[in-house]
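Summary of structural features
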Protein chains: 2
Amino acid sequence: MALATKKLPSAKLRSAAFKRVRADHSAELAGDYVEMIADLIDERGEARCTDIAMRLGVANATVVKTLKRLQTAGLITQEPYRAIFLTVEGWKMAEDGRRKHAIVEKFLLALGVSQETARIDSEGIEHHVSTETLRAMGKFLARNGG
Amino acid sequence: MALATKKLPSAKLRSAAFKRVRADHSAELAGDYVEMIADLIDERGEARCTDIAMRLGVANATVVKTLKRLQTAGLITQEPYRAIFLTVEGWKMAEDGRRKHAIVEKFLLALGVSQETARIDSEGIEHHVSTETLRAMGKFLARNGG
DNA sequence: TTGAAAGTTTAGCATAGGCTAAGTTATATG
DNA sequence: CATATAACTTAGCCTATGCTAAACTTTCAA
């Protein structure tokens with residue numbers, strides 16, 4: 001009990017981090033979908049299956065299946081062969097994601113990485129950033145002319 | 001073709017980001033396992049199933065199954081009922097992960113977040129950080145006394 | 001040395017998230 | 001208005017990653 005645990009977090013604390021990562025992953029896909037649906041609605045008035053599939057780089061059938069889960073989760077509504085809509089909760093999640101995404105992307109740019117890298121990395125990082133870290137990024141942006 | 005694509009990346013470029021995220025995710029678990037196995041070997045001389053399961057917060061059987069994939073992938077070696085070893089490639093991946101992890105965690109600390117948050121967030125962020133971003137984080141650390 | 005506890009493996013199940021191929025509906029055009 | 005094309009859905013497959021329960025080894029101590 002002495003040497004080994006001197007400054008290391010306990011096994012329980014360690015596992016909490018991995019559990020959060022796994023939880024983040026389940027939420028991630030939903031977040032990406034609603035954010036993209038919101039973008040499509042804003043850009044072109046409606047969100048269609050095909051556009052989502054193209055932008056995500058997956059097959060159409062995959063999108064259909066996922067949309068069913070999102071509907072069950074109460075994030076979207078849809079009728080057969082029609083466009084997709086966000087529920088109130090869906091919009092909230094989309095806005096949250098956009099806000100987070102924007103901060104992370106701007107932060108990476110301010111840190112000095114290229115536009116392209118900021119765009120790509122922020123997509124992955126966005127979902128693993130806690131409120132505290134997001135706030136720290138915001139402060140950094142304020143200091144460094146974001 | 002004019003208005004819509006003014007400053008937005010094309011659908012193909014967009015989808016590339018999501019494809020990278022998906023690829024990162026498949027590599028992520030392997031990275032976490034080998035890093036943890038390396039830690040266990042360093043800390044206590046050997047890595048056992050149970051310790052990995054405890055630290056990851058998953059069931060024992062899940063670890064066994066995953067270890068089989070890692071063996072097939074050439075990252076570890078193991079014999080029934082014995083401790084787990086890393087191959088040369090496994091060690092390389094573990095070292096890579098540790099290096100990355102350390103930079104991201106120190107970076108978050110330097111950014112001003114708490115020890116606890118740095119530990120947790122770095123676990124998720126680590127796998128989505130490109131070489132370019134990692135270098136930018138390193139530079140920031142150099143400037144800010146990392 | 002033998003038997004219980006601890007650790008490991010197998011079997012079998014579930015869900016998420018991919019895919020292709022084939023069928024169905026909507027829409028746009030000749 | 002009829003039909004070809006585009007969009008959507010269904011069916012059925014696969015792998016990854018989780019679980020529990022049960023079976024099997026190892027190890028340690030009486």
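Whatever comes next refers back to the structure up there.
Summarised in this report is the structure supplied together with it. Throughout this description, residue numbers start from 1 for each chain and increase along the sequence as written. To read the labels, note that chains go from A and ligands from 1, taken in the order they are written. Local features in a predicted model are, by the rule used here, given only for residues with pLDDT of at least 70; side-chain atom pairs are given and counted only at 80 or more, and totals for whole chains, interfaces and linings are based on all residues. Values shown for side chains rest on all heavy atoms present in the structure; no hydrogens or waters enter the calculation.

Next up on the list: the protein's contact with DNA strand C. By nearness alone, 19 residues border DNA strand C, and Ala59, Lys65 and Arg69 of chain A together with Thr50 and Lys68 of chain B come closest of all. Within 4 Å of the protein, the contacting atoms of DNA strand C are drawn from sugar and phosphate to the extent of 69%. For DNA strand C, a sugar or linking oxygen lies 3.4 Å from a polar atom in the side chain of Tyr81 of chain A. Nitrogen and oxygen atoms within 3.5 Å of one another constitute a polar contact, given that in protein one can donate a hydrogen and the other can accept it, and given that sequence-neighbouring residues count only through two side-chain atoms. In the environment of DNA strand C, a phosphate oxygen lies 2.6 Å from a nitrogen or oxygen atom belonging to the side chain of Lys68 of chain B. Secondary structure elements with two or more residues in the surface near DNA strand C: α3 (60–72) of chain A together with α2 (49–56) and α3 (60–72) of chain B. Each helix is a run of H or I in the DSSP string that is no shorter than four residues. Each strand is a run of E no shorter than two, and both are numbered from the N terminus. Looking at the surface near DNA strand C, the element that brings in the most residues is α3 of chain B, giving 5 residues. Gly is put with the polar residues, along with every residue not named as nonpolar or charged; the nonpolar set is Ala, Val, Leu, Ile, Met, Phe, Trp, Tyr, Cys and Pro, and the charged set is Asp, Glu, Lys and Arg. Class assignment for the residues of the surface near DNA strand C results in 10 nonpolar, 3 polar and 6 charged. Nearness is defined per residue: one heavy atom within 4 Å of the molecule or strand is enough.

Note on definitions: salt bridges are taken to be side-chain nitrogens of Lys or Arg within 4 Å of carboxyl oxygens of Asp or Glu. On inspection of all chains with the given rule, the structure shows 20 salt bridges over all chains. Residue Asp42 of chain A is joined to Arg98 of chain A by a salt bridge in which the shortest nitrogen-to-oxygen separation is 2.8 Å. Within this pair, whereas Asp42 of chain A is found in helix α1 (residues 11–44), its partner Arg98 of chain A is found in helix α4 (residues 88–111), the two being separated by 56 residues in sequence. Residue Glu46 of chain B pairs with Arg48 of chain B through a salt bridge whose shortest N-O separation is 3.6 Å. Working definition: with a 1.4 Å probe on protein chains only, accessible area under 20% of the residue-type maximum means buried, over 50% means exposed, and in between means partly exposed. Classification of Arg48 of chain B by relative accessible area gives partly exposed; the value is 29%. One continuous salt-bridge network, built from bridges that share partners, spans Asp39, Asp42, Glu95 and Arg98 of chain A.

We now examine the environment of Val113 of chain A. Tracing the backbone through its elements, the reader meets Val113 of chain A in the loop between α4 and α5 (115–125). As a C-alpha pair, Val113 of chain A and Asp96 of chain A span 17 residues in sequence and 24 Å in three-dimensional space. Residues within four places of Val113 of chain A in sequence aside, it is in contact with Leu108 and Ala118 of chain A together with Glu132, Thr133 and Ala136 of chain B. We call two residues in contact whenever any of their non-hydrogen atoms come within 4.5 Å of each other.

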